[in-house]
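Here are the chains, one letter per residue:
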Amino acid sequence: MSILVYIEHADGSVKKTSLEAVSYGKALSERTSAGEVIALALGTISDEELARVGSAGASKVLHVADEKLNAGVIQAHADAVGQVYKQIGAETLVLAKSSLGDAVAARLAVKLDAGLVSNVAELPETADGYKVKRSIYTGKAFAETTVSKNHKILAIKKNAVDLKTDGADASVEKVDISIDASNFAAKITSTDKAEGEILLPEADIVVSGGRGMKGPENWGMIENLAKELGAATGCSKPVSDIGWRPHHEHVGQTGVKVAPTLYVAVGISGAIQHLAGVNSSKCIVVINKDPEAPFFKAADYGIVGDAFEVLPKLTEAVKAIK
Amino acid sequence: MKILVCITHVPDTTSKIQFTDNNTKFDKNGVQFIIGPYDDYALARAVELKESLGASLTVLNVGEAETEPTLRKALAIGADDAIRINAFPTDALFVAKQIASIAKENNYDLILMGRESIDFNGGMVHGMVGELLGMPSISPVMKLDIEGDTVKMAREIEGGKEFLEAKLPLIAGCQEPIAEWKIPNMRGIMSARTKPLNVVDPVDSEIATDVTTFQLPPAKGSVTLVDKDNVEELVKLLKNEAKVL
Ligand SMILES: Cc1cc2nc3c(=O)[nH]c(=O)nc-3n(C[C@H](O)[C@H](O)[C@H](O)COP(=O)(O)OP(=O)(O)OC[C@H]3O[C@@H](n4cnc5c(N)ncnc54)[C@H](O)[C@@H]3O)c2cc1C
């Protein structure tokens, strides 16, 4: 019985979160003595890039090269993944949580009559039943969840396992399937996406600014530090509400939930709803002029000081160690 | 035009999350329950559509009797009637099957809900309902307009947004800034008391997943403060101690 991993790609490269999903699949196959780990990519992407997915732990990559799948039409992707899953007789589907992955997983749970667990935080325990640890209450707790169906779908969180990079190149095989036109009923008319930016939900380092930054004209300082760190930029909810920053940068309970290795919060008070979106970060640094700001209680490191003084100095100090 | 909005009954965002009974139950002690914030956006947009298109608006919750005040609040915000499917919402598929069953009977044109609940955060119910009913389901939707039988939407994707068009009927998982949260006014609260709230038995559904125990994350250690005139020290700590640079 094999494990199928649905992988997403953007701008010609497989997403890092999808490579993590492949490594998760590999670790899962070792733990449960499942068979091969097979990755599946949809739409236009090069064979060389797909072969590289082997490094993360896939032995084979299946590729449905149909151009109609270049856009992430939810129903069409779900249909394609479901067909391939059945064709290869897979027993588990693994994918990385994302705006497309989540939507595809939900439809597949019905199509495949599978037990679906989302926000998976670790490998399952299989000694006694099949138990998966998932993150709940927006990162404030975990739930041990048993899956009683034969078919399983695991939508994994960032950093659920370490990314494997030492596997051999995978073989790439083309797969031909036909997708019924009804699956294209919802049409994507255009997309509006920042080019070449590090994407917030996938970033290893995030620099976020809050209302303490005083206005959009001061974001250059946040961006400079982010650039030095190779980080994505984020913000608090009021900052995106007032329109200082675009909505997709809003971090927290009602925005993007991030799980970077390093989260730097500048001029953000640390309201519980903001913390809910960042509590999966490995290390949190807080810069705030108020020593009583609640964020310091959730931080690993902190500087009490004026962001306008600290940020330029910090950017220089980061530059100096490179 | 018939609109259905599905709402969750969840702990307020400021709640302290704790468990009882050997970590097998959520501790409701001192917790205030609210309409899920994402569902609240869906409801707010639905009320706007009801007013501009002259639609009917039903709210639905899968939950036990304790969720009725939350449904009444949705009625006060502007829904015409409410349905409570009398069952504990075991998992996403169970809830989706209940919603799909009601939707099949009533032929709604538009089914809205939040992109995810804030208790289990699965974000799966709308997609499952879509598959069960053979309809498109779009999420997370941050803009939704109806022109004739065409729905124009913007969906948030990593790093930006995607614009979509689809025909009714469809399902959408909503988030801000689709509409501004609405606060019930006095008239709304008064009229909500007499609006119909129908309690319906659940349809059978096999259990696919079940929570056995809960856990809290390990407590955070205390913060290491670095002097603002010595930022080089912070960089050193991040590199050598935390090993994140
Ligand atoms: C249902 C609900 C959901 C919510 N969801 C979210 C969410 O997803 N994300 C979110 O962020 N919020 C959310 N909120 C809002 C949240 O409660 C807070 O209001 C918000 O996070 C505050 O943003 P802020 O920290 O930027 O602003 P403020 O609370 O105004 O804090 C500004 C901070 O900047 C500091 N500061 C000021 N000047 C300087 C300076 N020169 N240098 C350094 N520091 C300075 C101040 O000391 C202060 O701590 C939600 C609220 C509700 C009710």
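Quantities reported herein were computed from a predicted structural model and do not represent experimental measurements.

> Lay out the overall build of chain A with the relevant residues and their values.
A count of helical and extended segments in chain A gives eight helices and 17 strands. In summary, chain A has a C-alpha radius of gyration of 21 Å against a globular reference of 20 Å for 322 residues, a match within 12%. Per-residue burial for chain A yields a buried fraction of 61% across its 322 residues. Accessible surface for chain A amounts to roughly 11,900 Å². Of this, 48% is attributable to carbon and sulfur atoms. Taken as two groups, the 35 positive and 40 negative side-chain charges of chain A have centres that lie 5 Å from each other.

> Requested: an account of the overall build of chain B, with residues and values cited.
Assigned secondary structure in chain B consists of six helices and 15 strands. Referenced to the eigenvectors of the C-alpha coordinate spread, the extents of chain B come out at roughly 65 × 45 × 40 Å. The buried share of chain B, reckoned over its 245 residues, is 54%. Accessible area for chain B stands at about 10,700 Å²; split by element, carbon and sulfur atoms hold 49% of it.

> Quick rundown of a nonpolar patch on the surface? Include the residues and the values.
All names here are of chain B. On the surface, a cluster of nonpolar side chains totalling about 290 Å² of accessible area is made up of M186, I189 and M190. Structurally, I189 can be placed in helix α5 (residues 186-192). What makes I189 partly exposed here is its relative accessible area of 34%.

> Describe the domain arrangement of chain A, listing the residues and the values that go with them.
Residues and elements named next belong to chain A. Partitioning chain A into structural domains gives domain 1 (3-184) and domain 2 (200-321). The gap between the C-alpha centroids of domain 1 and domain 2 is 31 Å. The partner domain 2 presents twelve residues to the nine residues of domain 1 that form the contact. Both sides of the domain 1 and domain 2 interface together cover about 880 Å² of buried area, and 43% of this is carbon and sulfur. Sorting the residues of domain 1 by area buried against domain 2 places T138, K140 and K158 first, and these three jointly supply 56% of that buried surface. Viewed at the interface, domain 2 and domain 1 are joined by three salt bridges. Where E202 meets K15, a salt bridge forms, and the shortest distance between an N and an O atom there is 3.3 Å. On inspection of domain 1 and its partner domain 2, the count reaches eight residue pairs in polar contact (both at pLDDT 80 or more). In terms of residue class, the side of domain 1 that touches domain 2 is built from no nonpolar, four polar and five charged.

> Explain the nonpolar core residue by residue, including any values.
Counting residues in each nonpolar core, the largest one holds 61 residues, and the members touching the most others are L4, V81, L93 and I153 of chain A together with L60, I99 and I111 of chain B. Sorting elements by how many residues they give to this core places helix α3 (residues 92-106) of chain B first, with eight residues. Counting 40 residues, the second largest nonpolar core, distinct from the first, contains A186 of chain A together with I3, I138 and V141 of chain B.

> Account for the UniProt feature "domain: Electron transfer flavoprotein alpha/beta-subunit N-terminal" (unreviewed entry) in chain B, with residues named and values stated.
UniProt's entry tags residues 23-209 of chain B with the feature "domain: Electron transfer flavoprotein alpha/beta-subunit N-terminal" (unreviewed entry), counted in the numbering of this structure. Within the segment residues 23-209 of chain B, helix and strand shares are 31% and 32% respectively, and the terminal C-alpha atoms sit 18 Å apart.

> Residues and numbers for the site of the ligand, please.
Around the ligand, the surrounding shell holds 28 residues, and the nearest of these are R211, S236, S269, Q273 and N288 of chain A. At the ligand, the nearby residues belong to more than one chain, namely chains A and B. The separation between an oxygen atom of the ligand and a polar side-chain atom of H250 of chain A is 2.9 Å. One of the backbone nitrogen or oxygen atoms of K289 of chain A is found 3.2 Å away from a nitrogen atom of the ligand. Bound to the protein, the ligand loses 81% of the 980 Å² it would expose on its own. Those elements that provide at least two residues to the shell around the ligand are α6 (237-241), α7 (272-275) and α8 (307-320) of chain A.

> Lay out the UniProt feature "binding site: FAD" (unreviewed entry) in chain A with the relevant residues and their values.
Residues and elements named next belong to chain A. The UniProt record annotates "binding site: FAD" (unreviewed entry) at R211, G267, I268, S269, G270, A271, I272, Q273, H274 and N288. With respect to the helices and strands, the residue I268 is situated in the loop between β15 (262-266) and α7. Aside from chain neighbours lying at most four places away, what touches I268 is S208, G209, G210, S236, Y263, H274, N288 and F295. The topology assignment puts S269 in the loop between β15 and α7. Beyond its immediate sequence surroundings of up to four residues, S269 is in contact with N288, A293, P294 and F295.

The rules behind each value
- Residues numbered from 1 in each chain as written.
- Chains lettered and ligands numbered in written order.
- Predicted model: local features only at pLDDT ≥ 70, side-chain atom pairs only at ≥ 80, totals over all residues.
- Heavy atoms only, no water.
- Helix = DSSP H or I, 4+ residues; strand = E, 2+ residues; numbered from the N terminus.
- Rg over C-alpha atoms; globule rule 2.2 N^0.38 Å.
- Buried < 20%, exposed > 50% of the residue type's maximum accessible area, 1.4 Å probe, protein only.
- Areas by Shrake-Rupley, 256 points an atom, 1.4 Å probe, with all protein chains shown as cover.
- Lys, Arg positive; Asp, Glu negative; His and termini not counted.
- Charge placed at Lys NZ, Arg CZ, Asp CG, Glu CD.
- Patch = residues over 30% accessible without salt bridge, like charges linked within 9 Å, V, L, I, M, F, W, Y side chains within 5 Å.
- Salt bridge = Lys/Arg side-chain N within 4 Å of Asp/Glu carboxyl O.
- Domains from an automatic or database assignment.
- Contact = heavy atoms within 4.5 Å.
- Buried area = accessible area lost by both parts, 1.4 Å probe.
- Polar contact = N/O pair within 3.5 Å; in protein donor to acceptor, adjacent residues only side chain to side chain.
- Nonpolar A, V, L, I, M, F, W, Y, C, P; charged D, E, K, R; others polar.
- Core = buried A, V, L, I, M, F, W, Y, C linked by side-chain atoms within 4.5 Å.
- UniProt positions renumbered as here; feature names shortened; annotations may be inferred.
- Near = heavy atom within 4 Å.

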